[in-house]
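# Descriptive analysis of the structure
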Amino acid sequence: MNFVLLNPLTNAFHLSISLPMLFIKRSNFDQLLKSLTGDYKVYVPRSMGNTTGYSLLGESDTNYEIGEIRSFDPLKSFYFLSREKVAEDFKPDIIRDDKPPCIVGAKACDLKGFRVLDFVFIDDECGDPTYMKAREKGLIISADCTGFGETCFCTAVDIDPWPQSDFDVNLSPVDDGFIVTTGSDKGLNLIESNKSLFIEATDTQIEFIQQNRSTVKSSVMKSAKALRIPVADRLRRVIKKQYDSNIWKDASEDCVECGACNTICPTCHCFLLYDQKSDGRLARFRIWDSCMLHDFARVAGGDNPRDRLWMRLRNRFDKKFNYFPEVLKEIGCTGCGRCIAACPGKIDIREVLARLEVT
Amino acid sequence: MKNPYSSIEAEVLKVTTETPSIKTFLLKPKEELTFKPGQFMEFSVPGSGEAPFTPSSDSQIKDTMEITIVKVGKVTDAIHELKPGDTVGLRGPLGKGYPLTKFIGQDILVIGGGVGLAPVRTLMYGLFHMRDQLSGLVYRGGCRNPEEFLYRKELEEWMKRDDIDMKLTVDQGDDSWDGPVGVVTTIMDDIDVNFERAKAIVCGPPIMMKFATFKLQELGVKDRNIYLSMEKNMSCGFGKCGHCRIGPYYCCKDGPVFTYDMIREYPGIWE
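Residues numbered from 1 in each chain as written. Chains lettered and ligands numbered in written order. Predicted model: local features only at pLDDT ≥ 70, side-chain atom pairs only at ≥ 80, totals over all residues.

Next up on the list: the overall build of chain B. Helix and strand content of chain B: six helices and 14 strands. For the C-alpha atoms alone, the extent of chain B along its principal axes is close to 50 × 45 × 35 Å. Buried residues in chain B amount to 51% of all 271 residues. (Helix = DSSP H or I, 4+ residues; strand = E, 2+ residues; numbered from the N terminus. Buried ≥ 20, exposed ≤ 12 C-beta atoms within 10 Å, placed from the backbone.)

Shown next, in the form of structure tokens:
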């Protein structure tokens, strides 16, 4: 198979990789992951109730599960830490210097999240050094979705529920293992240097994964359609048109300003720099911030351009469905539905979008 | 690559009290740190935090810079405690400055208000350095009362120059004041320049910028020629932290100087 890929760090197109589709048994994949723990911090999804959550793979640890859908936690957590020391005293050094992350089982929506964060943080002039290093050195082993979650709406934002680019290696789950495709030179090298763990996939296996992809996609599409989410190329127009609508006031009524929607969102990147002095040393921390909180845009004199809660809710939608399409030519929402699951006020981004369309 | 989050160490050389709530700090960075008029610095007191300020000194002076700061919150409280010899941090320069080369051959109107006179001072030095390349230079400054005027000495010197049409006003006069009384827009009617082509620079509190902008429009200055120095909540200073977004722009990275036509359609610009 041939893939045309866009490398997030160089923005260069390169044509990779002609390989037959390969199969790896779960037990061989366990072994592959174990071999990666030398060079990487390997994060795997583990079953947590009816969802999955990521944690570090330990030694002789095979207790992970490639979830049917995305994990509950956003993968930005491993690249753009929620609280991280970014400078110390007046030293120009870059602080974080540990093994790069290897993420196992990232879904297509997660990869879209990286495309947005890459746009924000990767920058020759003044990019975020630790994010850039983690992206450059890190490894992404993605996976097809094999089920449909009740908050999933990726197809509404133009994403198919299986990875097509922005991964090193992709897994398509089949009986007792995975069909493996490579998406980068790094992925190709990984497979080539572990050749003995793979065999050629059978036509039955390939048909199975194709069937799975089309089943999952139609479930998501059906749900998005039933919820009347505006189609992707209308979203920006809808947001702009409804800028002065009362829907914002209405939709924000149940918001408790906890900021969970921001925290859990794979594309929310806002942060705050916070200085501390400990043991006579100056430490500067970069901490996740939330645009739903009252003082997010307040200036020192007291003026606040988004003094009211509904203005902040509108701003959150504007950022994702108007700002990113304008500057990046991509919607800043991945359709993962994490914000729906996380909201204590039960604000549903899909319903708000649908209301904007019909009003 | 460089770490955009780390500050350069600087020494406080001198502290000048301008008004009870405004001080000017003369700083000597330990590494060369140059800036252009309109660019800003993140100024930090070790352990107390950072805040963005536009330097107020002549950008052609390379080894020191002055920053004028109003006491309004946690970081500025700590800054106001500083004494000569203290160590502070500077991160920058950040943002885009005024496009001085675009000003060549043009009539330039500078409208400053309140503590907005601080960044305006840097700009004025820049404009005086290129005065022979400008076709005209007008300055209108306003403050709430005569005591609020910063840099009295310089203002008086500039008043004496014959290559600038300069006027100052106060909202409320006192015995020491024999100039005009009223907001800054009340001393803009006698400006005699080619408004069609003139470039206007406005810097001051949001309410003053708003009405000065409307006044300039009324006089015939084009929106694309009105340069506004926007004040937004800024943390990183290079377009990553998300706080200072104005429509498709970040105030820190794409500004803080914007022409009015770039931002007029976006809500909350005057707040």
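The next thing to look at is the overall build of chain A. Regarding its fold elements, chain A presents eleven helices and 13 strands. In summary, chain A has a C-alpha radius of gyration of 21 Å against a globular reference of 21 Å for 359 residues, a match within 12%. The dimensions of chain A, computed from C-alpha atoms along their principal axes, are 65 × 60 × 40 Å. By the burial criterion, 44% of the 359 residues in chain A qualify as buried. Sequence-distant contacts, at least 24 apart, represent 72% of the contacts inside chain A between residues at least 6 apart. (Rg over C-alpha atoms; globule rule 2.2 N^0.38 Å. Contact = placed C-beta atoms within 7 Å.)

The subject of this paragraph is the confidence of the model for chain B. Chain-level pLDDT for chain B is 94 on average; 100% of the residues reach the 70-or-more range. Interface confidence for the predicted complex, expressed as ipTM, amounts to 0.91; the pTM equals 0.92. (pLDDT = per-residue confidence, 0-100.)

Residues and elements named next belong to chain B. You can read the domains of chain B as domain 1 (8-94) and domain 2 (100-263). Computed from C-alpha coordinates alone, the two centres of domain 1 and domain 2 are separated by 21 Å. The interface of domain 1 with domain 2 comprises 20 residues on the first partner and 19 residues on the second. At the level of secondary structure, the elements contributing two or more residues to the side of domain 1 that touches domain 2 comprise strand 1 (8-19), strand 3 (40-45), strand 5 (65-70) and strand 6 (87-94). Top element by residues in the side of domain 1 that touches domain 2 is strand 6. It accounts for three residues. (Domains from an automatic or database assignment.)

Okay, the pairing of strand 8 (residues 136-143) of chain B next. Side-chain direction in a regular strand flips from residue to residue, so the side chains alternate between the two faces of the sheet. All names here are of chain B. The element strand 8 is extensively covered by neighbouring structure, given that seven of its eight residues are classed as buried. Crossover strand 7 (residues 107-113) to strand 8 through helix 2 (residues 117-129) is right-handed. Running through helix 3 (residues 152-160), the crossover from strand 8 to the neighbouring parallel element strand 9 (residues 165-170) is right-handed. (Right-handed = clockwise from strand over helix to strand, strands pointing away.)

To continue, consider unusual backbone geometry. A cis amide bond links G92(B) with the next residue in sequence, P93(B), at an omega value of 0°. The residue P93(B) is located in strand 6 in this model. G255(B) connects to P256(B) through a cis peptide bond whose omega is 0°. In this structure, P256(B) sits in the loop between helix 5 (251-254) and strand 14 (257-259). For R228(A), which is not glycine, the phi torsion reads 60° and is therefore positive. Its location among the elements puts R228(A) in the loop between helix 5 (203-226) and helix 6 (232-241).

Below, the discussion takes up helix 2 of chain B. All names here are of chain B. Taking 1.5 Å of rise per residue, the 13 residues of helix 2 would be expected to cover 18 Å, and the 18 Å separating its terminal C-alpha atoms lies within 8% of that figure. For helix 2, a buried count of ten out of 13 residues is recorded, marking the element as mostly surrounded by other parts of the structure. Among the residues of helix 2, those classed as buried are L117, A118, P119, V120, R121, T122, L123, M124, G126 and L127. (Expected span 1.5 Å × (residues − 1).)

Counting 166 residues, the largest nonpolar core has C154(A), L109(B), V110(B), A200(B), I201(B) and V202(B) as its most contacted members. Among the elements that take part in this core, helix 2 (residues 108-121) of chain A stands out by supplying eight residues, more than any other. For V202(B), the residues in contact, after removing those within four places along its chain, are I111(B), M209(B), A212(B), T213(B), I226(B), Y227(B) and L228(B). (Core = buried A, V, L, I, M, F, W, Y, C linked by C-beta atoms within 7 Å.)

A separate point is the interface of chain A and chain B. Listed by partner, the interface residues are 37 residues for chain A and 35 residues for chain B. The set of elements that each furnish at least two residues to the side of chain A that touches chain B consists of strand 6 (83-88), helix 2, strand 12 (271-278), strand 13 (281-288) and helix 9 (309-328) of chain A. The element that contributes the greatest number of residues to the side of chain A that touches chain B is strand 12 of chain A, accounting for six residues. Grouping the amino acids of the side of chain A that touches chain B by side-chain chemistry returns 22 nonpolar, four polar and eleven charged. (Nonpolar A, V, L, I, M, F, W, Y, C, P; charged D, E, K, R; others polar.)

We now examine the sheet that holds strand 3 of chain B. Residues and elements named next belong to chain B. Taken together, the six strands give an open sheet; going across it, the order is 4-3-6-1-2-5, and neighbouring strands pair in antiparallel fashion. The sheet terminates laterally at strand 4 (49-53) and strand 5, the two strands that pair on one side only. The average undirected angle you get between the axes of adjacent strands in this sheet is 40°. Pairing analysis gives five bridges linking strand 3 to strand 4, with the strands arranged antiparallel. Looking at strand 4, one finds that M41 is bridged to F53. (Pairing = 2+ DSSP bridges. Axes fitted to C-alpha atoms, helices over the stretch in contact; angles between N-to-C directions.)

This part takes up the sheet that holds strand 5 (residues 51-56) of chain A. All names here are of chain A. The mixed open sheet is built from eight strands, whose spatial order is 5-4-7-8-9-10-3-11. Edge strands, defined here as strands with exactly one partner in the open sheet, are strand 5 and strand 11 (198-200). Taken over all neighbouring pairs, the strand axes of this sheet differ in orientation by 30° on average, direction set aside. As judged from the three bridges shared by strand 8 (residues 139-143) and strand 9 (residues 169-174), these two strands associate in the parallel manner. Pairing of A143 across the sheet is with L171, part of strand 9.

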